[in-house]
Amino acid sequence: MKVVLRLLAGARAVLPGGEVLALERKTAALLALLALDQTAARARASSLLWPDAPEKTARGNLRQLLRRLRLATGSELVEGRDPLRLRPSVQVDALRGTSTGELLAGYEYDDCPELADWLGGRREQCRSIQRAALLGAADQLEIRGELLAALEVARKLTRIYPESEQGHQ
């Protein structure tokens, strides 16, 4: 039972039957945390998502979030008691350099300062991976003599990342 998490250019889960489930803000943040950091201790995840709540309340909120996610998807996307991790069958677009878009685009976490800092760093990391993948694809196409295709990839790179000097070259 394969679920695909689309964390770039928004946040949604594509379920095995093809149904697309929009992810709530904190659910999206938890899934991104698990996808990009591989694991997260329950205490860390709950404190990032509910920084102003007492620990017991934050942990209860995390349990409820995981329960709602399980009910909405009809499957377990997250496993482990402590630390938490995504099930190996869950695929994530943000982990592939071939996908483009901002990590959790449209989601802001001003009420969760540590989470906002973490997300800012991860967004930059994703942009770097995407730029490198596009540059690599353009280079490979150029080496193979597929100049029009290479030019199209370079144009895509400069549309997405206009500051990319290599893309303009």
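This report concerns the structure included in the present document. Everything numeric here is computed off the predicted structure, so don't read it as measured data.

1. Some remarks on the overall build of the protein
Per the secondary structure count, the protein includes six helices and seven strands. Its helices and strands taken in sequence order, the protein reads β-β-β-α-β-α-α-β-β-β-α-α-α from the N to the C terminus. Projected onto its principal axes, the C-alpha positions of the protein cover 60 × 35 × 25 Å. Classification of the 169 residues of the protein by burial places 42% in the buried group. In the protein, of all internal contacts separated by at least 6 residues, the share reaching a separation of at least 24 is 55%. Accessible surface computed for the protein: about 9,300 Å², of which carbon and sulfur atoms make up 51%. Positive and negative side-chain charges of the protein, numbering 25 and 22 respectively, have mean locations separated by a distance of 8 Å.

2. Digging into the pairing of strand S1 (residues 3-6)
Here is the key point about a regular strand: its side chains alternate between the two faces of the sheet. For S1 and strand S7 (residues 90-92), the ladder comprises three bridges, and the chain directions are parallel. Bridged to Leu5 within S7 is Val92. In this sheet, strand S2 (residues 12-14) lies alongside S1 in antiparallel orientation, the contact comprising three bridges. Paired with Val4 across the strands is Val14, a residue of S2. If you look at the hairpin formed by S1 and S2, you'll find five residues sitting between the two strands, and Ala9 has a positive phi there, around 60°.

3. Some details on the side chain of Thr27
Position of Thr27 relative to the elements: it lies in helix H1 (residues 25-37). When sequence neighbours within four positions are dropped, the list of residues in contact with Thr27 reads Leu65 and Leu69.

4. What about the environment of Thr57?
Relative to the assigned elements, Thr57 resides in helix H3 (residues 55-73). Residue Thr57 is classed as partly exposed on the basis of its relative accessible area, which comes to 40%. Separated by 10 residues in sequence, Thr57 and Ser47 place their C-alpha atoms 10.0 Å apart.

5. Observations regarding the sheet that holds S2
The strand order S3-S2-S1-S7 describes an open sheet built from four strands, whose pairing is mixed. With partners counted over all chains shown, the strands left at the sheet margins are strand S3 (20-22) and S7, one partner each. Neighbouring strand axes in the sheet, compared pairwise and without regard to direction, differ in orientation by 25° on average.

6. Quick notes on the sheet that holds strand S6 (residues 84-86)
Ordered in space as S4-S6-S5, the three strands form an open sheet in which the pairing is antiparallel. Whereas interior strands pair on both sides, the edge strands pair on one side only; in this sheet they are strand S4 (39-40) and strand S5 (78-79). Relative to S6, S4 runs antiparallel, the two sharing two bridges. Counted as the bridge partner of Ala40 is Leu84 from S6.

7. Focus on H1
Over its 13 residues, H1 runs 18 Å from end to end, which matches the ideal 18 Å to within 8%, given 1.5 Å per residue. Most of H1 is tucked away: 11 of the 13 residues are buried. Gln38 sits one or two residues past H1 and shows a positive phi near 75°.

8. Here's the deal with helix H4 (residues 113-143)
Taking 1.5 Å per residue as the helical rise, H4 with its 31 residues ought to reach 45 Å, and the 45 Å between its terminal C-alpha atoms agrees with that figure. Listing the buried residues of H4 in full gives Leu115, Trp118, Leu119, Arg122, Arg123, Cys126, Gln130, Arg131, Leu134, Leu135, Ala138 and Leu141. Trailing H4 by a residue or two, Gly145 shows a phi angle of about 85°, which is positive.

9. Concerning the pattern of salt bridges
Following the criterion strictly, the structure yields 14 salt bridges and no others. Between Arg122 and Asp37 there is a salt bridge; the shortest N-O distance is 2.1 Å. With Arg122 in helix H4 and Asp37 in helix H1, the pair connects residues that are 85 residues apart, well separated along the chain. Between Arg155 and Glu152 there is a salt bridge, with its nearest N and O atoms 3.9 Å apart. Here Arg155 and its partner Glu152 are both found in helix H5 (residues 147-160), three residues apart, which amounts to about one turn of the helix. Owing to a relative accessible area of 43%, Arg155 belongs among the partly exposed residues under this scheme. Overall, the relative accessible area of 41% leaves Glu152 in the partly exposed class.

What counts and what doesn't
Residues numbered from 1 in each chain as written. Predicted model: local features only at pLDDT ≥ 70, side-chain atom pairs only at ≥ 80, totals over all residues. Heavy atoms only, no water. Helix = DSSP H or I, 4+ residues; strand = E, 2+ residues; numbered from the N terminus. Buried < 20%, exposed > 50% of the residue type's maximum accessible area, 1.4 Å probe, protein only. Contact = heavy atoms within 4.5 Å. Areas by Shrake-Rupley, 256 points an atom, 1.4 Å probe, with all protein chains shown as cover. Lys, Arg positive; Asp, Glu negative; His and termini not counted. Charge placed at Lys NZ, Arg CZ, Asp CG, Glu CD. Pairing = 2+ DSSP bridges. Axes fitted to C-alpha atoms, helices over the stretch in contact; angles between N-to-C directions. Expected span 1.5 Å × (residues − 1). Salt bridge = Lys/Arg side-chain N within 4 Å of Asp/Glu carboxyl O.

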